[in-house]
Protein chains: 2
Amino acid sequence: MASTPPAAPSELQMIQRTHAVLELVAGRWSVDVVYLLAGGTRRYSEILYEVGEISKKTLTQTLRTLEAHGIVTRHAYPEVPVRVEYSLSPLGWSLTRLLMDIFEWSSELDQDRARARRPGLALAA
Amino acid sequence: MASTPPAAPSELQMIQRTHAVLELVAGRWSVDVVYLLAGGTRRYSEILYEVGEISKKTLTQTLRTLEAHGIVTRHAYPEVPVRVEYSLSPLGWSLTRLLMDIFEWSSELDQDRARARRPGLALAA
DNA sequence: CAGAATCCACGGCGATACTG
DNA sequence: CAGTATCGCCGTGGATTCTG
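Predicted, not measured: the structure shown is a model, and the values here were computed from it. (Residues numbered from 1 in each chain as written. Chains lettered and ligands numbered in written order. Predicted model: local features only at pLDDT ≥ 70, side-chain atom pairs only at ≥ 80, totals over all residues. Heavy atoms only, no water.)

Here we take up the overall build of chain A. Helix and strand content of chain A: 5 helices and 3 strands. Mapped from its N terminus to its C terminus, chain A presents α and β elements in the order α-α-β-α-α-β-β-α. Out of the 125 residues belonging to chain A, those deemed buried represent 38%. (Helix = DSSP H or I, 4+ residues; strand = E, 2+ residues; numbered from the N terminus. Buried < 20%, exposed > 50% of the residue type's maximum accessible area, 1.4 Å probe, protein only.)

So this is what it looks like as C-alpha cells:
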C-alpha cells in the first residue's frame, strides 16, 4: 500500500541515525550509568557514589538526557528527606544489549592492536 | 590450562572497553568517514569534499586516529602533486558491521519516541 | 537528599594562512 | 594535493554554593 519500500536506507539516514544513538551514549558517563542501573534500581546519591568521579551537575544532566530519551525511569518519593530512584526502562534494557555488542567488538580492536605489535606473525602459515 | 576462566568480565572491564570503542567512534566525523570509505577507497580531497562540513585539520586528525587504531589504511603515492588514498582495513569493515547494529537499534529509539507522543496507545489490547 | 545556579578550565573543531 | 601551524570560538564537565 505504501509507496516507497523501506529497503536500502540512504547513507545519509544511516549516518544521522547512527549519530543519534552515539550522541545518546557517547556522553562521558552514560555508559557507566546504564551499566550501573543494569544491576538494579538506584537512588540518586547511590549512583553519585558508585559511579565514582562524576559531579552532581553532570550526573543530573546525564540522567535527564537518558530519561528524556526513555532509557531510564525516574521515580520520586515525596518523603521528608526526598528520595529519588532511577531504573532502566525496557528501552534501557534493549540498549544494554547494544552495549554488549559494542563491548564484544572491542576484542577485535584489541586483537588488532596485538597483531600490530608483532608484524611478523601476521600471515603465519 | 589457563588459570582464570574468561567467564563474566567485570563491569569495570566492560565499561572501560565499551568506552574505548565509543571514544574511537564518537568523534563528530568518524562515522561519516567510515561510512564513506565503506563505499570504496577515496583520496583525501574527495573525503574532504564528500563528507561536507569538515575542516582539513579535523579531517586529518580523524583519519590519523582511525589509522592509528587500524580502522583505515593510508597509502601515499609519491607523484608530482601528491596523491593519498584512504581505505577501510579488515578491522574497519568489521567496525562497519557494528555500526550497522547501532543503526538498526536506532529504530527502537524512534519507536519509543513515537510511543511517547501518544500515551493512549501504549497498552492497547 | 536531590537537585539548580553560577563560575571557570579544558578540549574539540572551524577558519585561515602557509608549505613540501 | 595533502597536509601543518596558529588562532579563536563554543560546548562539556568539574567545583562550589544555595535551596525545597
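Next comes the rest of the description.
Across all of its chains, the model carries 12 salt bridges over all chains by this definition. Note that Glu79 of chain A is salt-bridged to Arg83 of chain A, the shortest N-O span being 2.7 Å. In this structure, Arg42 of chain B and Glu50 of chain B form a salt bridge, with 3.0 Å as the shortest nitrogen-oxygen distance. For Glu50 of chain B, a relative accessible area of 41% gives the class partly exposed. Look at the salt bridges and you will find they share partners, linking Glu79, Arg83 and Glu85 of chain A into a network. (Salt bridge = Lys/Arg side-chain N within 4 Å of Asp/Glu carboxyl O.)

Within the secondary structure layout, Ser94 of chain B lies in helix α5 (residues 90–117). Not counting residues within four places of it along the chain, the set of residues in contact with Ser94 of chain B comprises Trp105 and Glu108 of chain A. (Contact = heavy atoms within 4.5 Å.)

In this assembly, 37 residues from chain B lie in contact with 37 residues from chain A. For the pair chain B and chain A, the summed buried area comes to about 3,500 Å², and 74% of that belongs to carbon and sulfur atoms. Together, Arg17, Phe103 and Trp105 of chain B form the three largest contributors to the area buried by chain B at its contact with chain A, with a combined 19%. Across the contact surface, chain B and chain A share 2 salt bridges. Of the charged contacts in the structure, one is a salt bridge between Asp110 of chain A and Arg17 of chain B, with a shortest N-O distance of 2.5 Å. Taken together, the links from chain B to chain A amount to 14 residue pairs in polar contact (both at pLDDT 80 or more). If you tally residues by element for the side of chain B that touches chain A, the top one is α5 of chain B, at 17 residues. The class makeup of the residues in the side of chain B that touches chain A is 20 nonpolar, 8 polar and 9 charged. (Buried area = accessible area lost by both parts, 1.4 Å probe. Polar contact = N/O pair within 3.5 Å; in protein donor to acceptor, adjacent residues only side chain to side chain. Nonpolar A, V, L, I, M, F, W, Y, C, P; charged D, E, K, R; others polar.)

Quick look at the sheet that holds strand β1 (residues 42–43) of chain A now. Hydrogen bonds along the backbone pair up the strands of a sheet, which may run parallel or antiparallel. All names here are of chain A. Taken in spatial order, the 3 strands of this open sheet run β1-β3-β2, and their pairing is antiparallel. Unpaired on one side and paired on the other, β1 and β2 (72–77) mark the two borders of the sheet. For β1 and strand β3 (residues 83–88), the ladder comprises 2 bridges, and the chain directions are antiparallel. Looking at the pairing, Arg43 lines up with Glu85 of β3. (Pairing = 2+ DSSP bridges.)

Near DNA strand C there are 22 residues, and of these Ser45, Arg74 and Tyr86 of chain A together with Lys57 and Thr58 of chain B occur at the shortest range. In DNA strand C, the atoms that sit within 4 Å of the protein are 68% sugar and phosphate, with bases accounting for the remainder. One nitrogen or oxygen atom from the main chain of Val84 of chain A is found 3.4 Å from a phosphate oxygen belonging to DNA strand C. In this structure, Thr58 of chain B approaches DNA strand C through a side-chain N or O atom, which is 2.5 Å from a phosphate oxygen. Looking at the surface near DNA strand C, the elements with two or more residues in it are α3 (44–51), α4 (56–68) and β3 of chain A together with α4 (56–68) of chain B. At 4 residues, α4 of chain A tops the list of elements feeding residues into the surface near DNA strand C. For the surface near DNA strand C, the per-class residue count stands at 8 nonpolar, 5 polar and 9 charged. (Near = heavy atom within 4 Å.)

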